[in-house]
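Topology and contacts: notes
Chain by chain, the residues:
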Amino acid sequence: MSAMDFDAVSAVRLAAWTRGRVSLVGDAASCVSLLGDGSSLAIAIAGAHTLADSLANHRDTADALRAYEQRHRKLVAAKQRTVGLAAAWLREPDPSSGATMPPPFGIVRG
C-alpha cells in the first residue's frame, strides 16, 4: 500500500442522456464537480430551468427531453472537460516516472 491512497476517479460518458420519454437529469446527466464543493448546484438549477422550459414549449415529452438535452449539453460540455483535466491531478503518478505528489496535489519531478 502506498503512502497516498486514492479512490478511483472515473466518469461515464453517454452518447445520449435521453431515450424516448426517459432522460437523465441533475448530476446523473451533468455532474461537473469531483470535490462535493457545491459547484454543480448552479448547473443543476440551470438544468431544471432548461428542462421546465423545454417541457413547456414542446407538446411531445420525447421532443421536450431531446431539446432539454441538446441545450443543457452545450452548457456543461466545457465544464465536464475541465473536470476530466482536474481528475488527472488526483491520480497517483507512475512510480517509474520519478514523479511524486506532495499534498494537497500536484506533480513534482525530482
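An account of the accompanying structure is given in this report. (Residues numbered from 1 in each chain as written. Predicted model: local features only at pLDDT ≥ 70, side-chain atom pairs only at ≥ 80, totals over all residues. Heavy atoms only, no water.)

**Re helix 2 (residues 40–57)**
Basically, it comes down to this: Helix numbering and strand numbering both begin at the N terminus, where a helix is a DSSP run of H or I of at least 4 residues and a strand a DSSP run of E of at least 2. Between the first and last residue of a helix there are one fewer steps than residues, each counted as 1.5 Å, and that sum is the expected span. When a residue's accessible area, from a 1.4 Å probe over protein chains only, is under 20% of the maximum for its type it is buried; when over 50% it is exposed; and in between it is partly exposed. It is the directions from the helix axis to the C-beta atoms that the arc portrays.
With 18 residues, helix 2 ought to run about 26 Å at 1.5 Å a step, and its terminal C-alpha atoms sit 25 Å apart, in line with that. Of the positions making up helix 2, those classed as buried are Ser40, Ile43, Gly47, Thr50, Leu51 and Ser54. Looking straight down helix 2, one finds that the buried residues subtend no more than 100° of arc, so they occupy a single side. Seen from the open side of helix 2, the exposed residues pointing more than 90 degrees away from its buried face are Leu41, Ala42, Ile45, His49 and Ala56.

**Points about the packing of aromatic side chains**
Remark: the centre distance and the inter-plane angle together describe each pair of aromatic rings, the angle taken between the planes. We apply this condition: Ring pairs are drawn from Phe, Tyr and Trp, using the six-membered ring of Trp, whenever the two centres fall within 6.5 Å, and their geometry is named by plane angle: stacked under 30 degrees, edge-to-face over 60, tilted for the rest.
One pass over the structure, following the stated rule, counts one aromatic pair. Their ring planes at 50° and their centres at 6.3 Å tell us that Trp17 and Tyr68 sit as a pair that is tilted. Taken together, the residues span a long stretch of sequence, with Trp17 in the segment before strand 1 (18–19) and Tyr68 in helix 3 (residues 61–89) at a distance of 51 residues. Here Tyr68 falls in the buried class, since its relative accessible area comes to 0%.

**A word on the environment of Lys79**
Here is the rule: Pairs of residues are marked as contacts when any of their non-hydrogen atoms sit within 4.5 Å.
With respect to the helices, strands and loops of the structure, Lys79 is situated in helix 3. For Lys79, the contacting residues outside a window of four places in its chain are Val32 and Ile43.

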